[in-house]
Amino acid sequence: MKAYVNDDTCIGCGACPEVCPEIFHMTDEDIAHAIDGEIPSDLVSRAEDARDSCPVDAINLDE
Ligand code: SF4
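Summarised in this report is the structure supplied together with it. The structure displayed is predicted, hence computed values, not measured ones.

**Things to note about the pattern of salt bridges**
In step 1: Evaluation of the coordinates by the stated rule reveals 2 salt bridges.
In step 2: We note a salt bridge from Glu-22 to Arg-46, for which the minimum N-O separation is 2.9 Å. Separated by 24 residues along the polypeptide, Glu-22 in the loop between α1 (15-19) and β2 (24-26) and Arg-46 in helix α2 (residues 44-53) bring together distant segments of the chain.
In step 3: Between Asp-52 and Arg-51 there is a salt bridge; the shortest N-O distance is 3.1 Å.

What follows is the structure, encoded as structure tokens:
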């Protein structure tokens, strides 16, 4: 599973890196960015929590 942030939709609220900082971080432009590689299996649940915490549905998790 991989994580993607739609940077056109992200409003920079900072929720996703708070929920799962191993996968998401904020860029200098105050937009969230996800790691490029596969989400480690032990972090999938929190990555899903981060997706669910996004107020604008900007996060997609792809099998
Ligand atoms: S939770 Fe959504 S809106 Fe907030 S920083 Fe993350 S991707 Fe952007």
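So much for the structure itself; the text now carries on.
**Concerning the nonpolar core**
In step 1: Grouped together as the largest cluster of nonpolar side chains are 20 residues, with contacts concentrated most on Ala-3, Val-5, Ile-23, Phe-24, Ile-39, Ile-59 and Leu-61.
In step 2: If you list the elements that add at least two residues to this core, you get β1 (2-5), β3 (32-34), α2 and β4 (59-62).
In step 3: Ranked by residues supplied to this core, first place goes to α2 with 3 residues.
In step 4: Sequence-distant contacts of Ile-23, that is, excluding residues within four places in its chain, are made with Ala-3, His-33, Ala-34, Ile-35, Ile-39, Pro-40 and Leu-43.

**What about the environment of Glu-38?**
In step 1: Turning to its location among the elements, Glu-38 is positioned in the loop between β3 and α2.
In step 2: In this structure the C-alpha to C-alpha distance between Glu-38 and Asp-62, which are 24 residues apart in sequence, comes to 9.7 Å.
In step 3: When near neighbours in sequence (up to four residues on either side) are disregarded, Glu-38 contacts Met-1 and Lys-2.
In step 4: Engagement of the side chain of Glu-38 in a polar contact is seen with the backbone nitrogen of Met-1, the distance being 2.5 Å.

Definitions and limits used
Residues numbered from 1 in each chain as written. Predicted model: local features only at pLDDT ≥ 70, side-chain atom pairs only at ≥ 80, totals over all residues. Heavy atoms only, no water. Salt bridge = Lys/Arg side-chain N within 4 Å of Asp/Glu carboxyl O. Helix = DSSP H or I, 4+ residues; strand = E, 2+ residues; numbered from the N terminus. Core = buried A, V, L, I, M, F, W, Y, C linked by side-chain atoms within 4.5 Å. Buried < 20%, exposed > 50% of the residue type's maximum accessible area, 1.4 Å probe, protein only. Contact = heavy atoms within 4.5 Å. Polar contact = N/O pair within 3.5 Å; in protein donor to acceptor, adjacent residues only side chain to side chain.

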